[in-house]
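One-letter residues, chain by chain:
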Amino acid sequence: DYHLLLLPSYTLRHLRTACVGLFLHTPFPSSEIFRTIPVRDELLRGMLNADVLGFHLFEYGRHFLTCCKRQMGLDLTEEQIGGSERHALPADARDKPSGVGGADGDIFLTVRDHERTVVVVISHAGIEPGVLENVEASAFATPSS
C-alpha cells in the first residue's frame, strides 16, 4: 500500500483544485524504521499533498508526525477546528475526546508545510463520503469578519 502514498501528489498535478483525503489502512512505521526507506522524502511529500490524513490508531498518526518533524523539519501545530470545518471530519473523529477530534472547537493535530496545512485525524472507520466536499467548501469560504 505504500506506493499509494504518492497518489495525492499525482492527483494535484492533474487536478490543481482537487481536495484530497488519504486514509492509511496499514500501520505507519516509527521514524527510526521509516528513515531507512530510500524514498522516504518522496513518500512524506506525497502524503503532505493531501488535505486530510487519516490513521486507524493514534500511534500511527504520531509516527507520521514524528517523521515530518525529524526528517523534514516541519512544524507540528494544534488548531481549533469548529463549525463546518469540524463537520468535514469523519463522524467517529468528531465524537472522540479532545485532541483527536471531539466537540465543536476542539483541537486537532496539523502539519504546516509552507503555506499548506494538513489535518491529521484518527478514525477507526476511515474518511466518510462527503468529507472532502466539506473540506473543500470550508477551504474556499471567505472568513466572516
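See the structure shown above.
As the structure is a computational prediction, the values presented were derived from the model and not from experiment.

(A) Representation of the layout of surface pockets in the model. The space that makes up the second largest pocket amounts to roughly 160 Å³. Among the secondary structure elements, those contributing two or more residues to the lining of the second largest pocket are α1 (7-14) and β1 (21-24). Counting residues per element, the lining of the second largest pocket draws most heavily on β1, which supplies four residues.

(B) Spotlight on the packing of aromatic side chains. Tallied over the full model, the rule gives four aromatic pairs. With a centroid separation of 6.2 Å and an interplanar angle of 80°, the aromatic rings of Phe 28 and Phe 55 are classed as edge-to-face. Pair noted here: Phe 28 is in the loop between β1 and α2 (31-34) and Phe 55 is in strand β2 (residues 52-55), with a separation of 27 residues, a long-range link. Note on accessibility: Phe 28 and Phe 55 belong to one class, buried. Consider the rings of Phe 55 and Phe 64, whose centres lie 5.6 Å apart with planes at 35°: the pair is tilted. Each member of the pair, Phe 55 as well as Phe 64, is classed as buried. Of the aromatic side chains, those joined through ring pairs into one cluster are Phe 28, Phe 34, Phe 55 and Phe 64.

Conventions we followed
- Throughout this description, residue numbers start from 1 for each chain and increase along the sequence as written.
- Reporting in this predicted model follows two pLDDT cut-offs: at least 70 for local features of residues, and 80 or more for side-chain atom pairs to be given and counted; totals over whole chains, interfaces and linings ignore these cut-offs and use all residues.
- To get the side-chain values, all heavy atoms of the structure are used, and hydrogens and water are removed first.
- Cavities and pockets were defined on a 1 Å grid built from protein atoms only: a cavity is a group of points that admits a 1.4 Å probe but offers it no way out, a pocket is an open group of points flanked by protein on both sides within 12 Å along at least five of seven lines, and a lining residue is one with an atom within 4 Å of any such point.
- Grid points are joined across faces, edges and corners, and a volume is the space filled by probe spheres set on the points.
- Each helix is a run of DSSP H or I of at least 4 residues and each strand a run of E of at least 2, with the numbering of both proceeding from the N terminus.
- Here a Phe, Tyr or Trp ring, Trp counted by its six-membered ring, pairs with any other such ring whose centre lies within 6.5 Å, and the pair is stacked when the planes are under 30 degrees apart, edge-to-face when over 60, and tilted otherwise.
- A simple rule labels every residue: compare its accessible area, found with a 1.4 Å probe on the protein chains alone, to the largest value its type can have, and call it buried under 20%, exposed over 50%, or partly exposed in between.

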